[in-house]
Amino acid sequence: MDLLNIIRVAFRALQRNKMRAALTMLGIIIGVSAVVAMVSIGQGAQATVQAQIDSIGTNLLFVSAGAQNVGGVRSGTGDSGTNTLTVEDLDAIKREVPSVSMVTPAVNARGQLVAGNMNWNTSIQGVSEQYPEVRKWSVQSGEFFTDSDVRTAARVLVVGQTIADNLFAGADPIGQTIRVQNLPFRVVGVMVRKGQDAQGRDQDDVAFTPYTTAQKKILGSPRLQIAYVSAVSPDATYTAQQQITELLRQRHKLNSNDPDDFTVRNMSDIAEAANQTNSTMTMLLACIAGVSLLVGGIGIMNIMLVSVTERTREIGIRMAIGARSSAVRSQFLIESIVLSVTGGLFGILLGVASSLAIPKLLGWPTLISMMAIVGSVIFSVMVGIFFGYYPARKAAALDPIDALRYE
Amino acid sequence: MQAIQEITKANPSIAGSIEIPQTRAVIQLDNIHKTYTMGDVQVHALRGATLGIRAGEFVAIMGASGSGKSTTMNIIGCLDRPTKGTYILDGQDVSELSKDERADIRSHKIGFVFQGFNLLARTSALENVELPMLYAGVSGAQRHERAMQSLAAVGLAGREQNHPNQLSGGQQQRVAVARALVNDPALILADEPTGNLDSRTSVEVMEIFQRLNRERGITLVLVTHEPDIAQYAGRIVVFKDGKIRKDYPVKDQRDAAEELKNLPAIEADEEDD
Ligand SMILES: Nc1ncnc2c1ncn2[C@@H]1O[C@H](COP(=O)(O)OP(=O)(O)O)[C@@H](O)[C@H]1O
Ligand SMILES: [Mg+2]
């Protein structure tokens, strides 16, 4: 009996008990769709983080005041209670560390921006003129402020698109005046629109002013929380990190067993940590989903075993009218494969559909993985063969007379 | 006996002169023993049965329950192998064949009809009849055509799509007969085929058997415990305690076709419901 006929026989047999076939497939459907959806979510998150990291640049280093938090990487500002990072430290880094090309402090302040009768509460960042280069973020119109603005603590602002939209509503903000704490600031530039970051925060809701201006005229304190440092190349980041650490320890007069009172982190660490977290999550999710696939497979074996017992008489009839053992074995094996593969295909459909729906429903990015799909199909076939083999062998080993006498 | 067997194997022509009767037998059972072992207990179902059946014969096997009728049928049908003794089917010694070889013989040479019909449930009459051809490797178009012809031959044209639960007992047994004859077997074996049928339906099934036997020359072996059913055959073999007790030709063979003509037709309609 050729394969086509065996497949036909298997399909007929399954059609005779549609409800049971559907329920058996359900386990595989859920397993496969879970694998596909979970891998999509994981890959989506990974791709987003990667894109973000790529846009920041891998030669970027963060230097922040205060010791690193226990518990690992933390982005954002340093410990606000410390005074361990100074402008002089940064000057020293720029001067003395050969693998560093650029440095910009980032002094964080929140404030109310007033333009005419418009108001906007936003984050004001005190940075150096090198900020656009260090962060690879350029101005769209006007210009970024200059080193002389920094030296003189000039009251100039470069605004993000959100501020431009909200305070000037379409009019050109360049040359306009914005008041911060009642002091007039001149708008000299508007940054290129960046959009939202991976956490959904608006990156364009920010205004830049020289850090000297922020310290003296807005905060009234010389404190620094964080600085961005550019290494001369991505390969130099590790050396730069070492050298900065050494320099700052020396400058802060720390003993060899004192802990650092500052933190230096590089982008690749952060990227790696983020990627690792993401792949761990993806793996974990895929494994849990894989377990449900396994459970689905065991469900198939269970039903196939029940089926062999229930259909003992049928097997006897088939053998009596001329079916060889191999034909019976193939029939049951193919029934099992048909169940698992059909379930797998439905599972892929469901998995892809949920991968497409998840960004809309939950706002999580997804990236449908071809590998997960191909892998699921192969895995389903294997589940079918693996869990179908034993019941099929049992069916084929039946003696036709015993099978016919079975009640 | 062992010695004779050795000789038969080594030289079939000698065997012919010693063991096999003058007329060429399609079935030659020679001193068949069958012992079933159930735990410590040994059941001797057959204790040296010797039986020759010629091509085109219609033989009824009778005997008390447990006398070894079904066991004999299973051995003749290559469903089972004798514990001892030789069985030559159509000139071929089949007592030592493998499981697959026996399956192929069942597929091509033998048709079975059982007391309990043994049709596949939730499967149309047509598909049930097509089944043996599937295992015999008959092509799709031919399968359909031959199954239709076979069903028509047993008077079930128009019932092809009915499932067994939509058919009466007599109709189900006729589907089973159609299935048995669809691969054009030399031999049809029927183990108590009328055991579950009423008398009229039994006559109808016997009419089909007699027709197949007379018109197509199919050899028929039928087990029954009803003496009047045995009267449709041309020869009666009686088993007792695993041996053949009597073997005689039927004197006044009944003719099912004739009897059906004299039966009122209304019942046939009733049966169709
Ligand atoms: N598969 C089997 N296992 C054990 N004993 C069996 C088996 N088949 C038949 N027998 C025994 O062999 C004897 C003959 O059985 P069987 O040929 O079915 O008798 P009959 O068909 O004439 O009623 C009985 O005693 C029966 O119980
Ligand atoms: Mg019996």
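Everything numeric here is computed off the predicted structure, so don't read it as measured data.

## Observations concerning the pairing of strand β6 (residues 110-114) of chain B
All names here are of chain B.
Line of reasoning, step 1. Where burial is concerned, most of β6 is hidden: five out of the five residues are buried.
Line of reasoning, step 2. Alignment of β6 against strand β7 (residues 187-191), held across five bridges, turns out to be parallel. Opposite F114, over in β7, you have D191 as the bridge partner.

## A short note on the interface of chain B and chain A
Line of reasoning, step 1. With 24 residues of chain B in contact, the opposing surface of chain A contributes 26 residues.
Line of reasoning, step 2. Taking both sides of the interface into account, the surface hidden between chain B and chain A amounts to around 2300 Å²; carbon and sulfur atoms contribute 55%.
Line of reasoning, step 3. Taken together, the links from chain B to chain A amount to three salt bridges.
Line of reasoning, step 4. The salt bridge partner of B:E127 is A:R12, with a shortest N-O separation of 2.8 Å.
Line of reasoning, step 5. Applying the counting rule to chain B against chain A returns ten residue pairs in polar contact (both at pLDDT 80 or more).
Line of reasoning, step 6. When residues of the side of chain B that touches chain A are traced back to their parent elements, those giving at least two are α4 (99-109), β6 and α5 (125-136) of chain B.
Line of reasoning, step 7. Looking at the side of chain B that touches chain A residue by residue, the class counts come to eleven nonpolar, four polar and nine charged.

## Re a nonpolar patch on the surface
All names here are of chain A.
Line of reasoning, step 1. Side chains of L294, I298, M370, V374, I378, F379 and M382 sit close together on the surface and give an oily, nonpolar patch of about 640 Å² of accessible area.
Line of reasoning, step 2. For the nonpolar patch, the secondary-structure elements that each account for two or more residues are α9 (267-310) and α12 (370-396).
Line of reasoning, step 3. Per-element accounting of the nonpolar patch gives the leading share, five residues, to α12.
Line of reasoning, step 4. In this structure M370 comes out as exposed when scored by relative accessible area, which is 57%.

## Quick word on the site of ligand 1
Line of reasoning, step 1. Taken together, 13 residues lie around ligand 1, and A:R405, B:G66, B:K69, B:S70 and B:T71 are the ones closest in.
Line of reasoning, step 2. Here B:S70 contributes a side-chain N or O atom positioned 2.8 Å from an oxygen atom of ligand 1.
Line of reasoning, step 3. Contact distances for ligand 1 include 2.5 Å between an oxygen atom and a side-chain N or O atom of B:T71.
Line of reasoning, step 4. Relative to its free-state accessible area of 560 Å², ligand 1 is covered by the protein chains to the extent of 75%.
Line of reasoning, step 5. Taken atom by atom, the bulk of ligand 1 overlaps the second largest pocket.
Line of reasoning, step 6. Elements with a minimum of two residues in the shell around ligand 1: β1 (25-38), β2 (41-54) and α3 (69-76) of chain B.
Line of reasoning, step 7. Residue contributions to the shell around ligand 1 peak at three residues, all from α3(B).
Line of reasoning, step 8. Here the residues of the shell around ligand 1 are counted per class, giving five nonpolar, six polar and two charged.

## Here's the deal with unusual backbone geometry
Line of reasoning, step 1. Residue A:N182 is not a glycine yet carries a positive backbone phi of 70 degrees.
Line of reasoning, step 2. Structurally, A:N182 is set in the loop between β6 (177-180) and β7 (183-191).
Line of reasoning, step 3. The phi angle at B:F117 is positive, at roughly 70 degrees, despite the residue not being glycine.
Line of reasoning, step 4. By the element assignment, B:F117 lies in the loop between β6 and α5.
Line of reasoning, step 5. You can call B:F117 buried: its relative accessible area is 10%.

## Here's the deal with the layout of surface pockets
Line of reasoning, step 1. When its volume is computed, the second largest pocket comes out at roughly 1100 Å³.
Line of reasoning, step 2. In terms of lining residues, the second largest pocket is bounded by 36 residues, among which A:R405, B:S70, B:T71, B:N74 and B:D191 are the most central.
Line of reasoning, step 3. Those elements that provide at least two residues to the lining of the second largest pocket are α13 (400-405) of chain A together with β1, β2, α3, β6 and β7 of chain B.
Line of reasoning, step 4. Here the element with the most residues in the lining of the second largest pocket is α3(B); it accounts for five residues.
Line of reasoning, step 5. Counted by class, the lining of the second largest pocket contains 13 nonpolar, 13 polar and ten charged residues.

Rules and cut-offs
Residues numbered from 1 in each chain as written. Chains lettered and ligands numbered in written order. Predicted model: local features only at pLDDT ≥ 70, side-chain atom pairs only at ≥ 80, totals over all residues. Heavy atoms only, no water. Buried < 20%, exposed > 50% of the residue type's maximum accessible area, 1.4 Å probe, protein only. Helix = DSSP H or I, 4+ residues; strand = E, 2+ residues; numbered from the N terminus. Pairing = 2+ DSSP bridges. Contact = heavy atoms within 4.5 Å. Buried area = accessible area lost by both parts, 1.4 Å probe. Salt bridge = Lys/Arg side-chain N within 4 Å of Asp/Glu carboxyl O. Polar contact = N/O pair within 3.5 Å; in protein donor to acceptor, adjacent residues only side chain to side chain. Nonpolar A, V, L, I, M, F, W, Y, C, P; charged D, E, K, R; others polar. Patch = residues over 30% accessible without salt bridge, like charges linked within 9 Å, V, L, I, M, F, W, Y side chains within 5 Å. Areas by Shrake-Rupley, 256 points an atom, 1.4 Å probe, with all protein chains shown as cover. Near = heavy atom within 4 Å. 1 Å grid on protein atoms, 1.4 Å probe; cavity = no way out; pocket = protein on both sides within 12 Å on 5 of 7 lines; lining within 4 Å. Sits in = over half its atoms within 2 Å of the grid points. Points joined across faces, edges and corners; volume = space filled by probe spheres on them.

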